[in-house]
Structure formats: C-alpha cells, structure tokens
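A closer look at the structure
So you can see what is in the structure, the chains are spelled out below.
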Amino acid sequence: MRVPRPLKQGDLVRVIAPASPFRTEKLAAGISILEAFGLRTVHGPDLDARQGYLAGDDNRRAAELLAAFRDPEAAAVFPARGGYGCARTCLAAGPAADFLPSMLVGFSDITVLHVWLGAAAGLVTFHGPNITTLSSLEPATLERYRRTLFGIDPARNFTWDGLATVLGGTASGPVLAANLTVLVSLAGTPFEPDLTGRILIIEDLNEKPYRLDRMLLQLSFMKGFEKVAAVVFGDFCLNGDDVEAFAKVVSWYSARWDLPVVTGFPCGHGAFNDCVPQHVRAMIDADRGRLVVDDPWA
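In this report, we go over the structure that sits alongside the text. All figures in this text were calculated on a predicted structure; none of them were measured in a lab.

**Topic: the packing of helix α3 (residues 86-93) against helix α4 (residues 111-120)**
- Their axes nearest at 8 Å, the elements α3 and α4 cross at an angle of 35°. As for how α3 packs across α4, the hand of that crossing is right-handed. Across the interface between the two elements, Cys-86, Ala-87, Cys-90 and Ala-93 of α3 pack against Val-112, Leu-113 and Trp-116 of α4.
- Residues of the contact of α3 with α4, tallied by class, amount to seven nonpolar, no polar and no charged.

**Here's the deal with the sheet that holds strand β1 (residues 12-16)**
- Strand order in the open sheet formed by six strands is β2-β1-β3-β4-β5-β12, and the pairing between neighbours is mixed. The strands lining the two open edges of the sheet, one partner per strand, are β2 (40-42) and β12 (276-277).
- One ladder, built from two bridges, connects strand β4 (residues 103-106) with strand β5 (residues 126-127); its direction is parallel. Bridge pairing in β5 places Val-105 opposite Phe-126.
- Each of β1, β3 (74-79) and β4 touches helix α2 (residues 58-69); the most contacted strand, β1, lies at about 165° to it.

**Structural notes on the pairing of strand β10 (residues 230-233)**
- Side chains Ala-230 and Val-232 project from β10 onto one buried face, and the interleaved Val-231 and Phe-233 project onto a second face that is buried too.
- Note: β10 against strand β11 (residues 261-263), two bridges, orientation parallel. The residue of β11 that forms the bridge with Val-232 is Val-262.

**Section: the side chain of Asp-274**
- Take Asp-274: it is sitting in the loop between β11 and β12.
- Within polar-contact distance, the side chain of Asp-274 engages the side chain of Trp-160 at 2.8 Å.
- Look past the residues within four positions of Asp-274 in its chain and what remains in contact with it is His-127, Gly-128, Thr-141, Arg-144, Trp-160, Pro-266 and Cys-267.

**Topic: the sheet that holds strand β8 (residues 170-179)**
- Pairing within the open sheet is mixed, and its eight strands lie in the order β6-β14-β13-β8-β9-β10-β11-β7. Of all the strands in the sheet, just β6 (159-160) and β7 (164-167) have a single pairing partner and so form its edges.
- As judged from the two bridges shared by β6 and strand β14 (residues 290-293), these two strands associate in the antiparallel manner. Paired with Thr-159 across the strands is Val-292, a residue of β14.

Thresholds, definitions, all that
- Residues numbered from 1 in each chain as written.
- Predicted model: local features only at pLDDT ≥ 70, side-chain atom pairs only at ≥ 80, totals over all residues.
- Heavy atoms only, no water.
- Axes fitted to C-alpha atoms, helices over the stretch in contact; angles between N-to-C directions.
- Helix = DSSP H or I, 4+ residues; strand = E, 2+ residues; numbered from the N terminus.
- Left-handed = near helix turned anticlockwise from the far one by under 90°.
- Contact = heavy atoms within 4.5 Å.
- Nonpolar A, V, L, I, M, F, W, Y, C, P; charged D, E, K, R; others polar.
- Pairing = 2+ DSSP bridges.
- Buried < 20%, exposed > 50% of the residue type's maximum accessible area, 1.4 Å probe, protein only.
- Polar contact = N/O pair within 3.5 Å; in protein donor to acceptor, adjacent residues only side chain to side chain.

Spelled out as structure tokens, the structure:
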C-alpha cells in the first residue's frame, strides 16, 4: 500500500464534491478551519454544481476527482460532503492506478472512495470528517483531527480505549471503516470489497433498528465476511427506545458471528468522528475494550 505523507504548513488541499451538493456556509466554515491550520485550499469553479441530488453530472464529478489525484502540487484531497454519488463518480472516472498518493479524509458516502482507492490505486486513506462537518465537531475531536493530518503523535491518535465489550477476544488485521448503508450497497457491484481478515468499523445515521438488522444480515453474506477478524460499532445516532432495540440486534449478530465485537467507537455523523487510517493493520482486544491501529508513517 502507498501511504500519503503527513501534511505540513503551507500544503495545498484540493476540495472536491464527488457526491451530493453541500451547504455553502458549512463549506466556508470548514475551509476557514483548514486555513487556520495553515493549509491552502483550492477548488474548481464548478464545485457548487447541482444536478438534483448530485453535485453536478457524473462527468463533472469524475473529471474533478481525476484532476485532484493527478495534481502533483496537491498534498491532500478533501471531499466537501458525502450524501450519494461516489459510486457513479468512480464508474465514470475509470482506472485509478496512476493516482498520486495524496491524503484523502472523508466518511459516509466517501466509503466508496476508500474502498476504490485502496483496491484500484493501492492507497492508504483516512476515514474521518468531511469539510462541511468540521465546524460541528467538539473541540477535542477537532484537535485530534488536526494532529492526525500533520502526523503529530500518531501512536496516540490511533489508539482507542474504553470501548464496550459485546463479545470478547483478540484479533488483528487491516482496518476498513465504513458507513453501513453504503458498504452493503456495494454488494454485487464492481466496488464490493473483500472483507477477509478485516477489522471492520461501521457507523450510520438515524436508521431504525429493523433497517440496521436488515443491513447487518446482508453484511453477513458479503464477500469474505465469514473470515472477518472483528467488528467495531461506531455511532449510529439513535435515540429513545431505538438505542436498546439496536443493542439487542448487535448482541444477536455478535453471537451469530462468534468473533470479537465492541461498541462505542468515536466515529460517525455526530460530534465525535476520529480519523482512522484505512487498509492499515490494527489489533483489537475486545476484553479490554482497546483498539490500536498501526502508525501508517512508522
């Protein structure tokens, strides 16, 4: 795997919109944060294009993606937001083998880019906040995001304690962090990942427990899932009775899967969304509630 270098003051960041349109004020707030970090941001004149629920047509989004990852001056490529559209963007973009190793950070529909860039370009990417979510992060999470971007104390940034044990055990394997809805939507497509040996981290947004149950069932039969190393549940943004109902769903699947399972990982659509290096080896001790991802720059 190719690992992008940590960012440094003055680096150029290409901003793209590979999925859905974004709120202008949210993007402006996020860009202000990046510039306060000492980064330079640039984007094309048609970044705010709209075609229904997409950020412009497939060719526009694909051309933007290709230009961003072929730009030798760009140290990073940051999506404005998720939503929907990345799979169509990747289909339109074609081969990615010649992509430069720029840092990609994003989540939600950006799950597709993580899977695609890992498989087609051999690139380590980072599951983490999109630009339009930066202003909504709680301060400690935003600081951890900054430290991750610049490679400051990665051993600390990529260690998590206090996770809740559902089923104990230890395991190791390459990480894949993903939005559950998006991940299962890749089944049967050219982008379906092989989950063999993975420590799988999943999150989602306000889905009812019965819908999450349905998606976990589908996940159970995706390519390589029978050899998944462990499953880590992030934030599913549930409230009220749905919290307890989903806990029962997680317990049922954990017993069926018979592998290490923990909950409470700080990633998702809320104010806690830590960066996780994708396709990098990790070790989980579910009995202790600990996940450690290898330093990608070691």
